[in-house]
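# Architecture and fold: a report
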There are 2 protein chains.
Amino acid sequence: MSETRWLSGPQQRDWRAFVDGSVRLLDVLDQSLKTTHGLSMAEYEILVRLSEAPERKLRMAQLAAEASQSRSRLSHTCARLESKGLVRRETCSSDKRGVFAQLTDEGFHTLERASHDHVTAVRDLFVDVTEPEDLEAIGRAFTAIIKRVDTVR
Amino acid sequence: MSETRWLSGPQQRDWRAFVDGSVRLLDVLDQSLKTTHGLSMAEYEILVRLSEAPERKLRMAQLAAEASQSRSRLSHTCARLESKGLVRRETCSSDKRGVFAQLTDEGFHTLERASHDHVTAVRDLFVDVTEPEDLEAIGRAFTAIIKRVDTVR
DNA sequence: CCGGAATAGTTGAAGCTTCAACTTTGTTCC
DNA sequence: GGAACAAAGTTGAAGCTTCAACTATTCCGG
């Protein structure tokens, strides 16, 4: 076991700012979605991905990948969304192991309402307090991180 | 209710890269800490804050604020850490409502071991795939976000 | 100095996530 | 063609977080 290579002072400050900031930011967005629309951010992400898919439906595995969730978690969450009437599930005819999740009309309208407030909050708390070039840097950096992290998962 | 001001295409890409990337990154770090040292990242953060405090102890409320956790969550988590022998709690003599959490020696040594691997992972998955100027941008941006979010909480 | 409001922290239940085991269906290859 | 293996999802239990209610103590205005 090698000697630990600690982060430099500035690196550590930047890293901690990110961890604290992202935890708090995602927390507030989650609360806000939950209290005003009864959705968690995880549920919201699922509705968004479905709304953008052809016929507003996706296979469970793909939906899980796009929403960065485990399959198990998606199963449970979809069950909840289904019982709220926002999503419907149907088995895939060509591959009988498979299941499609599809956004219902009610789900779509719930998403329309929720996304208005959500985007407003994202602007208020994130975009509007970040310099445009810093926002680009964030996009660049996290795109690379996603690629890196996915090699390890 | 006003018209929704959507994010621009690039803004949306940057925002989504951040959300996906941070979820996946924090996820992997959490798994890794959990499997190799039996600690969640939330627990790890608590140990870190305590280790840096004078006498390695802090009041519960301050610890909660520093670790970006609710008091309730901290109570539960501290109870678990206490039962693992990593933390000890004692009431404050000057304010009998108050409680100090203190890192035990065992907690300190657990942290020493865990932080080695954790920092290595943070380098591998975050620092080393990010351009230095992008890292600075992240630090700057999230420092501002913390300030903004804390006005709303 | 007393009664009401505020602060510190805990608790138990409900809700969500993770984990491991399981069922069903598809794929491979001999 | 069928045995072994892999892939898609689901399930229930255990673990962690959130929520609301609660106790105990301190602060503050009159």
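Scroll up to find the structure this text is about.
Here is a short report on the structure shown in this document. (Residues numbered from 1 in each chain as written. Chains lettered and ligands numbered in written order. Predicted model: local features only at pLDDT ≥ 70, side-chain atom pairs only at ≥ 80, totals over all residues. Heavy atoms only, no water.)

### Some remarks on the environment of Arg148(B)
Tracing the backbone through its elements, the reader meets Arg148(B) in helix H6 (residues 132-152). Separated by 142 residues in the primary sequence, Arg148(B) and Trp6(B) place their C-alpha atoms 20 Å from one another. Apart from the residues lying within four places of it in its own chain, the contact partners of Arg148(B) are Asp124(A), Leu125(A) and Val129(A). A distance of 3.3 Å separates the side chain of Arg148(B) from the backbone oxygen of Asp124(A), its partner in a polar contact. (Helix = DSSP H or I, 4+ residues; strand = E, 2+ residues; numbered from the N terminus. Contact = heavy atoms within 4.5 Å. Polar contact = N/O pair within 3.5 Å; in protein donor to acceptor, adjacent residues only side chain to side chain.)

### Describing the protein's contact with DNA strand D
DNA strand D sits among 21 residues. The nearest are Arg59(A), Ala61(A), Ser75(A), Ser72(B) and Arg73(B). Taking all atoms of DNA strand D within 4 Å of the protein, the share assigned to sugar and phosphate is 66%. Measuring from a phosphate oxygen of DNA strand D, one finds a side-chain N or O atom of Arg80(B) at 3.5 Å. Of all the secondary structure elements, the ones that give two or more residues to the surface near DNA strand D are helix H3 (60-66) and helix H4 (71-83) of chain A together with helix H4 (71-83) of chain B. (Near = heavy atom within 4 Å.)

### Here's the deal with the side chain of Arg49(B)
For Arg49(B), the position within the fold is in helix H2 (residues 41-52). Contacts of Arg49(B), omitting those with residues within four sequence positions, involve Arg16(A), Asp20(A), Leu58(B), Leu63(B) and Glu66(B).

### Some points on the interface of chain A and chain B
Between chain A and chain B, the contact holds 62 residues from the first and 62 residues from the second. With both chains or domains summed, chain A and chain B bury close to 5,900 Å², and 66% of this area falls on carbon and sulfur atoms. The tally of links from chain A across to chain B stands at eight salt bridges. In this structure, Asp150(B) engages Arg24(A) in a salt bridge whose closest nitrogen and oxygen atoms are separated by 2.9 Å. Applying the counting rule to chain A against chain B returns 20 residue pairs in polar contact (both at pLDDT 80 or more). Here the side of chain A that touches chain B is composed, by residue class, of 31 nonpolar, 13 polar and 18 charged. (Buried area = accessible area lost by both parts, 1.4 Å probe. Salt bridge = Lys/Arg side-chain N within 4 Å of Asp/Glu carboxyl O. Nonpolar A, V, L, I, M, F, W, Y, C, P; charged D, E, K, R; others polar.)

### Let's talk about the protein's contact with DNA strand C
Near DNA strand C there are 21 residues, and of these Ser72(A), Arg73(A), Ala61(B), Ser75(B) and Arg97(B) occur at the shortest range. At the protein interface, 66% of the atoms of DNA strand C within 4 Å belong to sugar or phosphate. For DNA strand C, a phosphate oxygen lies 3.0 Å from a polar atom in the backbone of Lys96(A). Contact distances for DNA strand C include 2.9 Å between a phosphate oxygen and a side-chain N or O atom of Arg71(B). Examining the composition of the surface near DNA strand C, we find that five residues originate from one element, H4(A), more than from any other. Looking at the surface near DNA strand C residue by residue, the classes come out as three nonpolar, nine polar and nine charged.

### A look at the relation of the copies chain A and chain B
Mapping chain A onto chain B calls for a screw motion: a turn of 180° about the axis and a shift of 0.0 Å along it, with 0.0 Å RMSD after fitting. Expressed as a symmetry operation, the mapping of one chain copy onto the other fits a two-fold axis. Mapped onto chain B, 98% of the interface residues of chain A are again interface residues, and the two copies thus contact each other with one and the same surface. (Least-squares fit on C-alpha atoms with pLDDT ≥ 70 in both.)

### Some thoughts on the packing of aromatic side chains
In total, this model carries 13 aromatic pairs over all chains according to the counting rule given. Residues Phe142(A) and Phe18(B) carry aromatic rings whose centres are separated by 5.6 Å and whose planes lie at 80° to one another, so their mutual orientation is edge-to-face. With one member in each of two chains, Phe142(A) in helix H6 (residues 132-152) and Phe18(B) in helix H1 (residues 9-37) form a pair that bridges those chains. Phe142(A) sits in the buried class, given a relative accessible area of 0%. (Phe/Tyr/Trp six-rings, centres within 6.5 Å; stacked < 30°, edge-to-face > 60°. Buried < 20%, exposed > 50% of the residue type's maximum accessible area, 1.4 Å probe, protein only.)

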